[in-house]
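# Breakdown of the fold
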Amino acid sequence: MKKPSIRDILYEPPGPKAQRRIRITTAAALLLIAGLVFLIIRQFAETGQLNARYWAFFGRGTTWRFLGEGLLSTVEAAVTGALISFAAGFVLMRGRLNRFPVIRFLSAAVIEFTRGVPTLLFIYFFFLAVPRMGWALSSFWKITLPCAVSACGVVAEALRSGVNAVPKGQREAALSLGFGEIRLFYKIIFPQAFRFVIPSLIAELVIVLKDTTFASVVSYADLMQNAKVLISNYDAMLSVYLVVAAIYILINCLLNKLSEYLARRMDRAAERGAA
Amino acid sequence: MTDNNVPVIDVRHADKHFGKLHVLRDISLSVNRGEVVVIIGPSGSGKSTLCRTINRLETIDSGEILIEGVPIPPEGKKLAAMRSRIGMVFQSFNLFAHMTILENVVAAPRSVLRRNKKEAREEALRLLERVGVADQKDKVPAQLSGGQQQRAAIARALAMRPKAMLFDEPTSALDPEMIGEVLTVMTELAADGMTMLIVTHEMNFARRVADRIVFMDEGAIVEENTPKEFFECPRSRRARDFLSSLRDR
């Protein structure tokens, strides 16, 4: 059976009038978009942005290698930051659901703090304050750690909502079979909770990835930083930003596809062996 | 090791409130080895709550509950160990949604009792065979009908080799055509000598299988009787009213 899409849930199937309206609005929207694109390109052309000197250096291998190196650094920082935030978020979630009120309170405080403070502030903290406290951090950790700290509270809350979404009966059944609290959590509750939150975790990975664009603050050579170098070298702002934006969009699209793929695979696993 | 004269389940003067609601009023009830006791009564009478207090899924305010003569431990490993000796079957099956049917039956013997993998698996397959869902063993719960899920849940409880089984309205969430298959499994269990405490609305089944009927209303035990007497000439007025209200349907 085909899973119903959101549209199937929200609306009934369109009748003949609605279908006509849909066709008309679609055509109108396409025209409007085409018009806008035309205007933008014309504006570019008039202001000389389409001039070959702004685009020619994209034909060189060195440009792409330079951007590729930046991209690799971005991915390294984002993946490391996300993994740290997942681990810290897990610990915070466990604390938030702890039986001791003191630990619950402390965890809630940390979660609220990290969720409330903007990433850039954490970056300044690791960039300016931490070295003064005598800890020398490489530029990699100066961008990775604040991104992780900034995300961990959100991750903790996502994980907690997953745990709360597991039906109470699962816990009762496990208790009645003699599971202790720890095994109950790791064998019964968390595996189910984790499946619920995979999309949220990947969404958080996307946010961490976007946060790493602050890397230029700490002069870490990520994609954004290298883009800025290209801009100053070739005096070509618009073309470089367009290309870099396209790269970010591409990566985040891939991550969203990954999220959909994992969700689908889990659905299939749930139907494994179906006749 | 265990004295046959000591009741498997012994509830003494149990009282419980949910806020202002007095859900259990001075309940005393014992179930002997091999006995099948069926609790019936109108909804809201405290039957399910009583059933759930016996493995401490609900606590009681006062009174005590003994399992084979030993009070239920209040917490920790001892409580878990006690629970593992009492099987429980829920209205909503509560099979572990992320595991296959076979994994559901193997999980607790493996991780609670630390049984050998091969033996746990063989016993699980035997039990699934016994309740008639062995051919579903590699599916996940969501792919099974309600009746199949409930039978698998019974197999999961049996895999712990429990001293007694609690059934909390095991057929109330089932489509009518699936009730029979679950009751058949339960009847066979009773015939095999399993000690059972059953909360149910299935009167014909209760009459057939029970050694004793316990009728509850408004949190109290109103009448304890043999099935024959209870259904033919109940002693209490409330039981008479309850039974006639069922007949009127």
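Notes on the structure follow. (Residues numbered from 1 in each chain as written. Chains lettered and ligands numbered in written order. Predicted model: local features only at pLDDT ≥ 70, side-chain atom pairs only at ≥ 80, totals over all residues. Heavy atoms only, no water.)

### Topic: the overall build of chain A
Counting its regular elements, chain A contains 10 helices and 0 strands. Taken over the C-alpha trace, chain A has a radius of gyration of 24 Å; the compact-globule value for 275 residues is 19 Å, which it surpasses by more than 25%. Projecting the C-alpha coordinates of chain A onto the three principal axes gives extents of approximately 75 × 70 × 35 Å. Burial statistics for chain A: of 275 residues in total, 36% are counted as buried. A separation of at least 24 residues holds for 74% of the contacts in chain A among residues at least 6 apart in sequence. With an accessible surface of roughly 16500 Å², chain A has 67% of that area assigned to carbon and sulfur atoms. (Helix = DSSP H or I, 4+ residues; strand = E, 2+ residues; numbered from the N terminus. Rg over C-alpha atoms; globule rule 2.2 N^0.38 Å. Buried < 20%, exposed > 50% of the residue type's maximum accessible area, 1.4 Å probe, protein only. Contact = heavy atoms within 4.5 Å. Areas by Shrake-Rupley, 256 points an atom, 1.4 Å probe, with all protein chains shown as cover.)

### What about the pairing of strand E7 (residues 164-168) of chain B?
Residues and elements named next belong to chain B. Across the 5 residues that make up E7, a large majority, 5, are buried. Neither face of E7 is open: one carries Ala 164, Leu 166 and Asp 168, the other Met 165 and Phe 167, and all of them are buried. As paired elements, strand E6 (residues 86-89) and E7 share 4 bridges and run parallel to each other. Residue pairing in the sheet places Met 88 in a bridge with Leu 166 of E7. (Pairing = 2+ DSSP bridges.)

### Remarks on the sheet that holds strand E3 (residues 36-40) of chain B
Residues and elements named next belong to chain B. If you trace the 6 strands from one edge of the open sheet to the other, you get E6-E7-E8-E3-E9-E10, paired in mixed fashion. In the strand order of this sheet, the two ends are held by E6 and strand E10 (220-225), each with one partner. The average undirected angle you get between the axes of adjacent strands in this sheet is 15°. (Axes fitted to C-alpha atoms, helices over the stretch in contact; angles between N-to-C directions.)

### Structural notes on helix H6 (residues 139-165) of chain A
Taking 1.5 Å as the rise per residue, H6 of chain A with 27 residues should run 39 Å; its terminal C-alpha atoms sit 39 Å apart, in good agreement. The buried fraction of H6 of chain A amounts to 19 of the 27 residues, a majority that puts the element mostly inside the structure. (Expected span 1.5 Å × (residues − 1).)

### Some remarks on the interface of chain B and chain A
Bring the parts together and some accessible area is lost; that lost area is often taken as the interface size. Taken together, the contact pairs 28 residues of chain B with 22 residues of chain A. Carbon and sulfur atoms supply 55% of the area buried between chain B and chain A, which totals about 2000 Å² over both sides. Three residues stand out in chain B for area buried against chain A, namely Phe 96, His 98 and Ser 111 of chain B, and they jointly supply 28% of the buried area on that side. Counting every contact that joins chain B to chain A gives 1 salt bridge. With a closest N to O distance of 2.7 Å, Glu 172 of chain A and Arg 52 of chain B form a salt bridge. Where chain B packs against chain A, one counts 7 residue pairs in polar contact (both at pLDDT 80 or more). If you list the elements that add at least two residues to the side of chain B that touches chain A, you get helix H2 (76-84), E6, helix H3 (101-111) and helix H5 (146-158) of chain B. Residue composition of the side of chain B that touches chain A, grouped by class: 15 nonpolar, 7 polar and 6 charged. (Buried area = accessible area lost by both parts, 1.4 Å probe. Salt bridge = Lys/Arg side-chain N within 4 Å of Asp/Glu carboxyl O. Polar contact = N/O pair within 3.5 Å; in protein donor to acceptor, adjacent residues only side chain to side chain. Nonpolar A, V, L, I, M, F, W, Y, C, P; charged D, E, K, R; others polar.)

### Here we look at the sheet that holds strand E1 (residues 9-18) of chain B
Residue and element names in this part refer to chain B. With antiparallel pairing, the 4 strands of this open sheet are ordered in space as E2-E1-E4-E5. Each having just a single partner strand, strand E2 (21-31) and strand E5 (70-71) make up the two edges of the open sheet. Here E1 runs beside E2; their pairing, made up of 7 bridges, is antiparallel. Looking at the pairing, Ala 14 lines up with Ile 27 of E2.

### Some details on the side chain of Arg 83 of chain B
Tracing the sequence through the fold places Arg 83 of chain B in helix H2. A polar side-chain atom of Arg 83 of chain B sits 2.9 Å from the main-chain carbonyl oxygen of Arg 56 of chain B. Setting aside its immediate chain neighbours within four residues, Arg 83 of chain B contacts Leu 175, Ser 176 and Gly 178 of chain A together with Asn 55, Arg 56 and Leu 57 of chain B.

### Digging into the pattern of salt bridges
If you walk through the whole model with that rule in mind, you get 26 salt bridges over all chains. Asp 192 of chain B serves as the salt-bridge partner of Arg 130 of chain B, at 3.1 Å between the closest nitrogen and oxygen. Of the two residues, Arg 130 of chain B is situated in helix H4 (residues 117-131) and Asp 192 of chain B in the loop between helix H6 (176-191) and strand E8 (195-199); the sequence distance between them amounts to 62 residues. A relative accessible area of 55% places Asp 192 of chain B in the exposed class. Three or more residues joined by partner-sharing salt bridges are found here, namely Lys 168 and Glu 172 of chain A together with Lys 16, Arg 52 and Glu 58 of chain B.

### A short note on the nonpolar core
Counting residues in hydrophobic clusters, the biggest one holds 57 residues, and the most contacted among them are Phe 179 of chain A together with Ile 9, Val 11 and Leu 29 of chain B. With 8 residues, the single largest contributor to this core is helix H8 (residues 181-211) of chain A. In terms of nonpolar packing, the next biggest core, distinct from the first, is built from 51 residues, Phe 93, Ala 159, Met 186 and Met 196 of chain B among them. (Core = buried A, V, L, I, M, F, W, Y, C linked by side-chain atoms within 4.5 Å.)

### Looking at the packing of aromatic side chains
According to the stated counting rule, one finds 18 aromatic pairs over all chains in the structure shown. The interplanar angle of 55° and the centroid separation of 6.4 Å between the aromatic rings of Phe 90 of chain A and Phe 185 of chain A together place this pair among those described as tilted. One end of the pair, Phe 90 of chain A, is in helix H3 (residues 61-96); the other, Phe 185 of chain A, is in helix H8, with 95 residues separating them in the sequence. Here the aromatic rings of Phe 125 of chain A and Phe 126 of chain A are separated by 5.5 Å at their centres, their planes lie at 90°, and the arrangement is edge-to-face. Members of the aromatic cluster, joined through ring pairs, are Trp 55, Phe 57, Phe 58, Trp 64 and Tyr 234 of chain A. Above the face of the Phe 185 of chain A ring, Arg 94 of chain A is positioned so that its terminal group lies 3.8 Å from the ring centre. The ring centre of Phe 96 of chain B lies 4.5 Å from the NZ or CZ of Arg 156 of chain B, which sits over that ring. (Phe/Tyr/Trp six-rings, centres within 6.5 Å; stacked < 30°, edge-to-face > 60°. Lys NZ or Arg CZ within 6 Å of the ring centre and 35° of its normal.)

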